Amino acid sequence: MPEKTKRLHWLKYLFRGLLVLLVLIVVFYQQIFFGVTQLVAQQLAKSQAFSLEFKIHGSIFSNLTIEDLHLQPLPGNTSLPLERVDAKWIALRYNLFSLIKKDLLNVVELVELKNVDLVVRPTSAPAPPSKPNPNGLRIPVILPQKIDIQDVNLIVRNPAGDLDVRKLALDFQQGSEGNLSCATLRIPVFGTWNNLHAGLSYNQSKLALTDLALEPLLDIHRLLIDLSGSEQGKYLLTLDGKALRSSLAASVSYLQPAEQPSIDLKLNLIGLDLGQIQKQWPIPISGSIPKIDIQLSGEMDRPSSLSASISAVVNGLRYQHYAIDTAAASLVAHDGKGELVEVSVNSGTNKVRLTGNFILPDTWEELPN
């Protein structure tokens with residue numbers, strides 16, 4: 001057989017072999033990809049001294065599902081901040097074409113979490129030093145179209161007491177009213193609440209939380225977060241509710257450009273009964289604060305840029321054996337230069353009045369201790 005004919009036969013065999021290999025890869029690419037993913041993840045876990053088990057399947061182009069996830073540090077591993085992670089079901093459905101088109105609100109179509117147990121623990125490893133982002137805080141709004149969370153439990157270990165969240169559930173869909181619920185919420189020092197329910201919605205770049213009652217500490221009628229300027233580092237938060245059963249209204253505008261973060265804060269508190277503090281914590285205090293008004297604006301890292309207006313009145317203050325009939329405070333400031341309009345205290349025949357001026361320094365470190 002001529003040499004040229006032999007080479008043609010070999011090329012045909014090689015081409016057929018490559019074609020068969022290509023067909024096998026096309027048919028079984030997902031199994032190959034997921035198998036390699038599991039192998040790499042387990043080897044990485046072993047090198048970092050924790051065990052990791054899970055099943056993964058789906059389509060890498062449109063959806064991923066993880067089942068029976070279990071993560072736990074190996075004995076002697078005190079640096080991993082996780083004590084245990086167990087998840088029966090984690091699913092993600094997405095649209096890569098929306099990502100290419102930068103249609104961020106339609107990139108993630110569905111997020112599902114079911115039967116998840118997460119335990120966070122203190123670690124012996126020192127926290128890495130934080131490095132400020134030179135571009136400030138930027139959060140592109142990649143919000144899932146739908147979120148379905150059921151039976152999520154979270155424990156955060158703490159020497160003062162564990163933060164404990166039991167049976168957290170969330171039913172959320174863009175453009176419609178969603179529901180957030182929790183069977184038990186325990187926050188150390190502050191209290192424990194059962195059978196919590198709240199509304200959660202997202203419309204026109206505004207995320208709204210409504211009717212969340214953590215009585216008597218906090219009752220949120222409506223918390224609105226405007227994320228329309230988040231990619232430029234601008235965030236607006238407004239709150240309408242009650243704190244310790246007194247009326248509370250607040251609005252905060254936060255802007256973090258590349259130079260200096262700035263804030264614009266307005267807070268109004270009406271009818272605060274200090275006796276509510278004694279009911280919640282063992283602090284022997286009573287009295288009332290009819291009104292607190294606070295307005296503050298300027299660059300957070302430069303006190304000399306701050307402008308402010310603060311006023312407050314206190315009636316019938318009692319703390320242990322000390323008693324004050326009335327007290328009032330009022331100050332104004334503009335670009336770090338301020339005036340103490342009045343600080344007055346009346347207790348029986350004793351009366352104290354203070355006025356004066358002040359200048360804020362360029363940095364917080366320059367303030368007197």
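Residues numbered from 1 in each chain as written. Predicted model: local features only at pLDDT ≥ 70, side-chain atom pairs only at ≥ 80, totals over all residues. Heavy atoms only, no water.

S.K.: Could you give an account of the overall build of the chain, with specific residues and numbers?
M.R.: Assigned secondary structure in the chain consists of 3 helices and 18 strands. When the accessible surface of the chain is split by element, carbon and sulfur atoms take 62% of a total near 23,200 Å². (Helix = DSSP H or I, 4+ residues; strand = E, 2+ residues; numbered from the N terminus. Areas by Shrake-Rupley, 256 points an atom, 1.4 Å probe, with all protein chains shown as cover.)

S.K.: Describe the environment of K167, and please don't skip the residues or the numbers.
M.R.: Within the element layout of this structure, K167 appears in strand 6 (residues 163-173). Taking the C-alpha atoms as reference, K167 lies 4.3 Å from D151; in sequence the two are 16 residues apart. In contact with K167, not counting residues within four places along its chain, are D151, V152, N153, S181, C182 and A183. (Contact = heavy atoms within 4.5 Å.)

S.K.: For the pairing of strand 5 (residues 146-156), give the residues involved together with the corresponding values.
M.R.: With 9 bridges joining them, strand 4 (residues 108-120) and strand 5 adopt parallel strand pairing. Counted as the bridge partner of V120 is V156 from strand 5. Pairing between strand 5 and strand 6: 8 bridges, direction antiparallel. Along strand 6, the bridge assignment pairs V152 with L168. (Pairing = 2+ DSSP bridges.)

S.K.: Residue-level account of the pairing of strand 8 (residues 191-203), with values.
M.R.: Relative to strand 8, strand 7 (residues 178-187) runs antiparallel, the two sharing 9 bridges. Bridged to G178 within strand 8 is L200. Turn length for the strand 7-strand 8 hairpin, with the two strands adjacent in sequence and antiparallel, is 3 residues, and the turn residue V189 shows positive phi of about 80 degrees. With 5 bridges connecting them, strand 8 and strand 9 (residues 206-214) associate as antiparallel partners.

S.K.: Requested: an account of a nonpolar patch on the surface, with residues and values cited.
M.R.: Together, F61, L96 and L99 give the surface a local cluster of nonpolar side chains, amounting to about 280 Å² of exposed area. Tracing the backbone shows L96 in helix 2 (residues 96-100). On the basis of relative accessible area, L96 is assigned to the partly exposed category, the value being 34%. (Patch = residues over 30% accessible without salt bridge, like charges linked within 9 Å, V, L, I, M, F, W, Y side chains within 5 Å. Salt bridge = Lys/Arg side-chain N within 4 Å of Asp/Glu carboxyl O. Buried < 20%, exposed > 50% of the residue type's maximum accessible area, 1.4 Å probe, protein only.)

S.K.: How would you explain the pattern of salt bridges if you had to name every residue and give the values?
M.R.: One pass over the structure, following the stated rule, counts 13 salt bridges. D293 is paired through a salt bridge with K291; the nearest N and O atoms lie 3.5 Å apart. Linked by salt bridges that have partners in common, K55, D68 and K88 make up one network.

S.K.: Just give me the short version of the packing of aromatic side chains, but keep the residues and values in it.
M.R.: A complete count under the given rule lists 2 aromatic pairs for this structure. Their ring planes at 80 degrees and their centres at 5.9 Å tell us that F190 and W281 sit as a pair that is edge-to-face. With F190 in the loop between strand 7 and strand 8 and W281 in the loop between helix 3 (275-280) and strand 14 (285-299), the pair connects residues that are 91 residues apart, well separated along the chain. Residue classification places F190 among the partly exposed residues on the basis of a relative accessible area of 37%. Residue W281 is classed as buried on the basis of its relative accessible area, which comes to 16%. (Phe/Tyr/Trp six-rings, centres within 6.5 Å; stacked < 30°, edge-to-face > 60°.)

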